[in-house]
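Chain and residue survey
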Amino acid sequence: MSTVSSIRQQLFVNGQYVDAAGPDTYDVISPATGTLVGTIPLPARADIDAAVAAANVAQRAWAGVNVWKRAEICHRVGDELTKRVDELARLQTLEQGKPLAESVADIEEAAQLFHLHAEDAVRLHGETFPSNDSRKRMWTFYRPVGTWAIITPWNFPLLMLAEFVAPGLATGNAHVVKPPANTPLTVLKAMEAFAAAGVPAGLVNILPGEGATGDALVRHAGTDAIGFIGSSATGAKIQSAAGLKRSVMECSGNGPLVVLADADLDAAAQAAVYGAYLCAGQVCCATERVIVHRDVHDDFVAAVLRAAQDVVLGDPFADTTNLGPVNNEGVAAKMDRHMADARERGAEILLGGHRRKDAPTDLYYEFTVVDAVPEDSLLSREESFGPVVPIITGTDDDDLLRIANDDKLGLQGAVFTQNMTAAHRFVEEMAVGQVVVNDSTCFWDINMPFGGAGGRSTGWGRIGGKHTLLAMTDLRTGVISL
Ligand SMILES: NC(=O)c1ccc[n+]([C@@H]2O[C@H](COP(=O)([O-])OP(=O)(O)OC[C@H]3O[C@@H](n4cnc5c(N)ncnc54)[C@H](O)[C@@H]3O)[C@@H](O)[C@H]2O)c1
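Residues numbered from 1 in each chain as written. Predicted model: local features only at pLDDT ≥ 70, side-chain atom pairs only at ≥ 80, totals over all residues. Heavy atoms only, no water.

1. Considering empty space enclosed by the protein
Under the counting rule described, the total for this entry stands at one cavity of 30 Å³ or more. Forming the boundary of the largest cavity are Gln96, Gly97, Lys98, Pro99, Cys279, Ala280, Gln282, Gly324 and Pro325. A per-class count over the lining of the largest cavity returns four nonpolar, four polar and one charged. (1 Å grid on protein atoms, 1.4 Å probe; cavity = no way out; pocket = protein on both sides within 12 Å on 5 of 7 lines; lining within 4 Å. Points joined across faces, edges and corners; volume = space filled by probe spheres on them. Nonpolar A, V, L, I, M, F, W, Y, C, P; charged D, E, K, R; others polar.)

2. Section: the site of the ligand
Neighbouring the ligand are 27 residues; Thr152, Ser231, Thr234, Cys251 and Glu383 lie closest to it. A distance of 2.6 Å separates an oxygen atom of the ligand from a polar atom in the side chain of Ser231. In the environment of the ligand, an oxygen atom lies 2.7 Å from a nitrogen or oxygen atom belonging to the side chain of Thr234. Protein chains bury 87% of the 860 Å² of accessible surface belonging to the ligand in isolation. Breaking the shell around the ligand down by element, the ones donating at least two residues are helix H7 (211-219), strand E10 (225-229) and helix H8 (232-242). Examining the composition of the shell around the ligand, we find that three residues originate from one element, H7, more than from any other. Looking at the shell around the ligand residue by residue, the class counts come to 13 nonpolar, nine polar and five charged. (Near = heavy atom within 4 Å. Polar contact = N/O pair within 3.5 Å; in protein donor to acceptor, adjacent residues only side chain to side chain. Areas by Shrake-Rupley, 256 points an atom, 1.4 Å probe, with all protein chains shown as cover. Helix = DSSP H or I, 4+ residues; strand = E, 2+ residues; numbered from the N terminus.)

3. Here's the deal with the nonpolar core
Counting residues in hydrophobic clusters, the biggest one holds 95 residues, and the most contacted among them are Leu81, Phe114, Leu169, Phe194 and Val204. A total of ten residues in this core trace back to one element, the largest contributor, which is helix H5 (residues 157-170). The residue makeup of this core includes at least three contributed by each of domain 1 (11-251 + 461-481) and domain 2 (256-445). If we ignore the near neighbours within four places in the chain, the residues touching Phe114 are Cys74, His75, Val77, Gly78, Leu81, Ala162, Val165, Ala166, Leu169 and Phe194. Counting 63 residues, the second largest nonpolar core, distinct from the first, contains Ala263, Ala268, Ala269 and Ala303. (Core = buried A, V, L, I, M, F, W, Y, C linked by side-chain atoms within 4.5 Å. Buried < 20%, exposed > 50% of the residue type's maximum accessible area, 1.4 Å probe, protein only. Domains from an automatic or database assignment. Contact = heavy atoms within 4.5 Å.)

4. Description of the sheet that holds strand E6 (residues 136-144)
Pairing is antiparallel across the open sheet formed by three strands, whose spatial order is E5-E6-E20. Each having just a single partner strand, strand E5 (128-129) and strand E20 (473-481) make up the two edges of the open sheet. (Pairing = 2+ DSSP bridges.)

5. A word on unusual backbone geometry
Residues apart from glycine generally show negative phi values, whereas peptide bonds are mostly found in trans. Positive phi values are uncommon outside glycine, yet Cys279 reaches one of about 50°. Tracing the backbone through its elements, the reader meets Cys279 in the loop between helix H9 (265-277) and strand E13 (289-293).

6. Some remarks on the pairing of strand E12 (residues 256-259)
Burial of E12 is two-sided: the residues Pro256 and Val258 facing one way and the residues Leu257 and Val259 facing the other way are all buried. The sheet contact formed by E12 and E13 spans four bridges and is parallel. Counterpart to Val259 in the pairing with E13 is Val292. For the handedness criterion, the β-α-β arrangement of E12, H9 and E13 is classed as right-handed. Two elements, E12 and strand E17 (residues 412-416), share three bridges in a ladder whose sense is parallel. Paired with Val259 across the strands is Phe416, a residue of E17. (Right-handed = clockwise from strand over helix to strand, strands pointing away.)

What follows is the structure in structure tokens.
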């Protein structure tokens, strides 16, 4: 903690750190140490109105700034974040609990997003069209949507903000961001970088708080659109409150990793283990279900248990640790529930399955491997969001595909095979937004369009590359009669 110069314990509105209008506060407790990290004010209605009003005013001016200038400021945000990687990463690990190396990667990636979208925004252009009236000229162009309510989860506090705010700023939008109550400190601290980069006041406001603050922002007459990353249950509530406002909804996943009979079993096992310990399994594209062909089941399970020996649960600030505590009691309690259900239904817990007893907090969950997981168990049917490899067995490729698709949270999946035809079949027929062949479900790239498969309960819209620029702009049409 010595490298964090100060913890920002205020709201950030209209370019300044400010006290809240009301008296309510809440404590941020480190999942790693159990100590108090900060006490944050809860925004009152007057703070929400002030942030939205500041965003509305700033957005009108920002939309008129030419795209090269907007891009220059985004590049500067990227540079200023990069200067602060060490400090922001330490703060994120303290409040979130993930290993420090993961936090460093998150902050670096957040900085890259500002550079990426700056470069893409200057190339965003419309089209011209021939008309059946020779005196008419028709063309399209892009305009910012306006003021966005951005509501984010606690697993990647700054990265999730950047996924919307980088493309939003680059294309002329303003933002009122509501990070979750338990991880507000990294994004509040990051506003120092935004100020140093010269981001005009009012374009990015931070109102940490609970669901009520998010709901007020969604319903506010001054917000034009919603950018949401979080659970499908919350996403559904937001959708019913948002009416016809534009929305990008990035929700829960129950990612299948499928192991065909010809797979490289060591590679598949390492991917399954990585997909469960990264961020303690609290990733939307985590490996939530491992579905293995029965002919290779025994060898695969042995490979998983070998790979699991490399998982080190412990102090997230230690270099040797690759599994930190889970972020909050809700996650640990859900893991407990899933384990109790698995035991009751006859699954075999081969490793872990409980919290560590001699740890600084009650949130250190042992790395867990469960075999013979029934398809109707909670481990299979729900996103566990914890450090667990649940193994389900199928009889042949059709059966593996059926199990993979027997789920509504179709965000990201993986398939391990040496066969090109089988790989293509699974890429095309798995009901998820992205399929990774021969690597972890936990792969993403800032240039890759990331989001759920249509008609499923995992939301809509795409994060990544030019697709977020398109999502955060209106396609407009001009017609001139000569
Ligand atoms: N698809 C993706 O890109 C992606 C990325 C990261 C996390 N996630 C998902 O996020 C979930 C974990 O995050 P979480 O536990 O913070 O999710 P959550 O749904 O509990 O909370 C997300 C955010 O919504 C806010 N919120 C809660 N109720 C609200 C309401 N009624 N109106 C407006 N806002 C409200 C919360 O305060 C928080 O800021 C997992 O399901 C995970 O899969 C998805």
